[in-house]
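# Overview (structure and organization)
Residues per chain are reported as follows:
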Amino acid sequence: QAFRVDIIREEEGALEFDMVGIDAAIANAFRRILLAEVPTMAVEKVFVYNNTSIVQDEILAHRLGLIPIRADPRLFEYRNQGDEEGTEIDTLQFQLKIKCSRNPQAAKESSDPNELYFNHKVYSKHMTWVPLGNQTDLFPDADFRPVHDDILIALLRPGQEIDVLMHCVKGIGKDHAKFSPVATASYRLLPDITLLQPVEDEAAEMLQKCFSPGVIEIQNIKGKKVARVANARLDTFSREVFRHDSLKNLVRLARVRNHYIFSVESTGILPPDVLVSEAIKILMGKCQRFLNELDSLPME
């Protein structure tokens, strides 16, 4: 009944929020679902037609698989096992076709590859979406592409080229880390810092230096510098204060047992608030399946 969620900070690609009034098992289940069970689209199959770069085919395919693809996985179905071709409802197709050549306009004394060659750096921006079936009609406003345009895939020299076709499918991080939708998803308990007695003057300044900036504030009261706890959540629990014999008995460090501070950073495929809502739906589905299993057991 006391459960609540407080949004603390929301930025592009990052979200910090508090979950208050839950058990550690639920908090950790939520974290693990974010890491491993919220689906995304990623390169699964790479058809290599030509690769004369120094990057081996297997390494190239691995690098392509780790590039996050901006495509809403909720628009697609999971591909059936054993399917080689893929269809418009379960596969996104990308092509990477690029060849390096010399720049005839380059100065003879130049040694800069950027001047000497064209297309000597292969970036994720060179990946182009190739619609399958009637995907052009299904997704008329779609902009399927890599999340970042500047991911370096390979380096080429004149005459070398890469010609590959990629199939992106829907998957979860439990199967492969490339499907994980978050760069990081973590939580920590809210710090609880209590000053057991007044800390003044030099001791107050020393106490302030023992904690992260913003945790301890020094106030001027009747000509004395007095320390007070300003914002305990900024503390990183370095425990530096216990190195000082004059301070270690003046402070009590603890954690609020049912107050979890979550940090979620998206890879850019979906906004972090959408990832959180999808994780909650998955957790609710797991709970419902568990209840259904309990109901189906014969009563003795």
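What counts and what doesn't
Sequence order as written defines residue numbering, which begins from 1 separately in each chain. At least 70 in pLDDT is required for a residue's local features to be given in this predicted model, at least 80 for side-chain atom pairs to be given and counted, and no such filter applies to totals for whole chains, interfaces and linings, which use all residues. No hydrogens and no water enter the side-chain calculation; it runs on all heavy atoms of the structure. UniProt positions are given in the numbering used here, feature names are shortened, and annotations may be inferred rather than shown by experiment. Note on pairing: DSSP must find at least two bridges between two strands before they are called paired. Helical segments are the DSSP runs of H or I of at least four residues, strand segments are the runs of E of at least two, and each set is numbered from the N terminus. For helices, the axis comes from a line fit to the C-alpha atoms of the stretch in contact; other axes are also lines fit to C-alpha atoms, and the angle between any two N-to-C directions lies between 0 and 180 degrees. When checking whether two residues touch, look at their non-hydrogen atoms; a contact exists if any pair is within 4.5 Å. To qualify as a nonpolar core, a set must consist of buried Ala, Val, Leu, Ile, Met, Phe, Trp, Tyr and Cys residues joined through side-chain atoms within 4.5 Å. The buried label applies to any residue whose accessible area, calculated with a 1.4 Å probe on protein chains only, is under 20% of its type's maximum; exposed applies above 50%, and partly exposed to all values in between.

By the naming in an unreviewed UniProt entry, the protein chain is DNA-directed RNA polymerases I and III subunit RPAC1, taken from Chlamydotis macqueenii. According to UniProt, the comment filed for the protein chain under the heading Sequence similarities (unreviewed entry) is "Belongs to the archaeal Rpo3/eukaryotic RPB3 RNA polymerase subunit family." Entered under Subcellular location (unreviewed entry) in the UniProt record, the comment concerning the protein chain runs "Nucleus".

### Description of the sheet that holds strand E9 (residues 128–129)
Taken in spatial order, the four strands line up as E3-E12-E5-E9 in an open sheet, and their pairing is antiparallel. Both outer strands of the open sheet, strand E3 (40–51) and E9, are each paired with one neighbouring strand and no more. With eight bridges connecting them, strand E5 (residues 92–99) and strand E12 (residues 161–171) associate as antiparallel partners. Note that in E12 the partner of Gln93 across the bridge is His167.

### Some points on the sheet that holds strand E2 (residues 14–20)
Pairing is antiparallel across the open sheet formed by four strands, whose spatial order is E1-E2-E16-E13. Pairing within the sheet leaves two strands with one partner each, and these edge strands are strand E1 (4–11) and strand E13 (182–195). Adjacent strand axes in the sheet meet at a mean angle of 25° when their direction is disregarded. Pairing of E2 with strand E16 (residues 251–266) involves seven bridges; the strand directions are antiparallel. Bridge pairing in E16 links Glu16 to Ser263. Most of the contacts of helix H1 (residues 24–36) go to E13, to which it runs at about 150°, and overall it touches E2, E13 and E16.

### Structural notes on the nonpolar core
Leu64, Leu96, Met127, Ile153 and Ile162 are the most contacted members of the largest nonpolar core, which has 26 residues in total. Put simply, the parts of the chain that give this core at least two residues each are E3, helix H2 (57–65), E5, strand E11 (152–155) and E12. If we ignore the near neighbours within four places in the chain, the residues touching Leu64 are Val43, Val46, Leu96, Met127, Ile153, Val164 and Met166.

### Details of unusual backbone geometry
Located in the positive-phi region is Asn119, a residue other than glycine, with phi close to 55°. The residue Asn119 is located in the loop between strand E7 (117–118) and strand E8 (121–123) in this model. Of note, the phi angle at Phe237 is positive, near 60°, even though the residue is not glycine. Locating Phe237 in the fold gives a position in the loop between strand E15 (224–229) and E16. On the accessibility criterion, Phe237 (17% relative accessible area) is buried.

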